[in-house]
Amino acid sequence: MEQITEKKKVILSCIQPTGTPTLGNYLGALKNWKALEEDFFSYFAVADLHAITVKQEPKELKERILRTYALLMAIGLDPEKSTLFIQSHVPAHSQLAWLLSCSTQFGELSRMTQFKDKSKAHPENINAGLFTYPVLMAADILLYQPDFVPVGEDQRQHLELARDIAGRFNGNYGNVFKIPEAYIGKHGARVMSLANPEKKMSKSDANTNSFISILDEPNIIMKKFKRAVTDSEAKVRYAEGKDGINNLMGIYSCTTGKSFEQIEDEFAGKGYGDFKVAVAESVIAELEPVQQKFKDLMQDRAYLKECYRTGAEKAQRMSARTLAKAQKKMGFIVD
Ligand code: TYM
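Residues numbered from 1 in each chain as written. Predicted model: local features only at pLDDT ≥ 70, side-chain atom pairs only at ≥ 80, totals over all residues. Heavy atoms only, no water.

Let's talk about unusual backbone geometry
Leaving glycine aside, a negative phi is the common case for residues, and trans is the common case for peptide bonds.
Now for step 1: We note that Q145 has phi near 50°; this positive angle belongs to a residue other than glycine.
Now for step 2: By secondary structure assignment, the location of Q145 is in the loop between α7 (128-142) and β4 (148-150).
Now for step 3: When its relative accessible area of 14% is taken as the criterion, Q145 is described as buried.
Now for step 4: Not every positive phi belongs to a glycine, and A234 is a case in point at roughly 60°.
Now for step 5: Tracing the backbone through its elements, the reader meets A234 in the loop between α9 (218-227) and α10 (243-256). (Helix = DSSP H or I, 4+ residues; strand = E, 2+ residues; numbered from the N terminus. Buried < 20%, exposed > 50% of the residue type's maximum accessible area, 1.4 Å probe, protein only.)

Below, the structure written as structure tokens:
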């Protein structure tokens, strides 16, 4: 009988090495990457070139790149199954970004909310890279012809722009790029700050009580959840205006797989104190094996190097092919 071999679909995503990833990065993106790895042909990268749009201390950046790479492996991504690489090791990202920037309008980039937010946060350093950042992100994606890009809600606008750029390029020069879809999880797509649940949880927040870092010690995690801002109703239920509780329910749903209804039943008649402890315990249990594996990996830098070098070679092969195709269509001499 003829064997039917279905070609696996492709996914790609990246994370910036701008600090230790938070529970938001984990639930909104990394955890989904791990879940998808089995069924997809996957590319995951540390987006180090993106990090320099804000000022970085070189020595610190270097260490963070390695730590972020190790964290990808610590959450369980397998360098044999997926292509795990560091963006700056693959020159095609910078090269394609330039080509795509000539298919991107000033007005489009001006509308990016992240550009507006970051310009406000760093008025002393509104550099051109901060402005063209979404073009580099489009290059990261389009080089690998992915079907899906698993990200948190905050990256949706950048992904939409990448789709627009790809469509325009294909229209002008001929078909080169696949137009990818965002893959955004139902829960965890927007984990909010514990101190101000109207704001997203962010690793660059000055208030360290507002976020859980993936590497926070159990007692710190417990302390941060106990302090989390809630409301005065003292009833665990999902409802408009209960941003703090809604956020904790979203987190608990991600770590336990329980629906909001099940969570409401579980805590019926109990106070927020019990609920916060349960949420913290579920997060501690989820992160414990990741933290252990991270410690082990950081002891073996030679192994990490072997993995990121192999990852770069694999990424290089695929990206060079797409880049050459784009260059050829545009009229550059490639042979
Ligand atoms: P970054 O490094 O800010 O975040 C990495 C991933 O984590 C998600 N995320 C969240 N999800 C839920 N709740 C939160 N509070 C939260 N905070 C962050 C992000 O949506 C993201 O999926 N520009 C990207 C990195 C990037 C990229 C790419 C992503 C560069 N090139 C190509 C996809 C494809 C960024 O800054 O993510």
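Describing α10
Now for step 1: In this model α10 runs 20 Å from its N-terminal to its C-terminal C-alpha over 14 residues, within 8% of the 20 Å that 1.5 Å per residue would give.
Now for step 2: Extensive coverage of α10 is indicated by the burial of twelve of its 14 residues.
Now for step 3: Where the residues of α10 are buried, they touch α1 (23-37), α9, α11 (260-266) and α12 (272-298).
Now for step 4: Positioned one or two residues after α10, G257 has a phi angle of 80°, which is positive. (Expected span 1.5 Å × (residues − 1). Contact = heavy atoms within 4.5 Å.)

Looking at the nonpolar core
Now for step 1: One finds L23, Y69, F225 and F275 to be the most contacted residues of the largest nonpolar core, which totals 61 residues.
Now for step 2: In terms of residue count, α12 provides more of this core than any other element does, twelve residues in total.
Now for step 3: Built from parts of two domains, this core gets at least three residues from each of domain 1 (10-188 + 301-330) and domain 2 (208-295).
Now for step 4: The contacts of Y69, once residues within four sequence positions are left out, are V46, L84, F85, I86, L304, C307 and Y308.
Now for step 5: In this structure, Y43, F131, Y144 and A162 belong to the second largest nonpolar core, which totals 40 residues. (Core = buried A, V, L, I, M, F, W, Y, C linked by side-chain atoms within 4.5 Å. Domains from an automatic or database assignment.)

Some points on the packing of α10 against α12
Now for step 1: Two elements in contact, α10 and α12, have axes whose closest approach is 9 Å; the angle formed by their N-to-C orientations is 40°. Judged by the inter-axis angle, α10 sits oblique to α12. α12 is crossed by α10, and the crossing has left-handed handedness. From α10, I245, L248, M249, I251, Y252, T255 and T256 reach across to α12, where they touch Y272, F275, K276, A278, V279, S282, V283 and E286.
Now for step 2: Counted by class, the contact of α10 with α12 contains ten nonpolar, three polar and two charged residues. (Axes fitted to C-alpha atoms, helices over the stretch in contact; angles between N-to-C directions. Parallel < 35°, antiparallel > 145°, perpendicular 65-115°, else oblique. Left-handed = near helix turned anticlockwise from the far one by under 90°. Nonpolar A, V, L, I, M, F, W, Y, C, P; charged D, E, K, R; others polar.)

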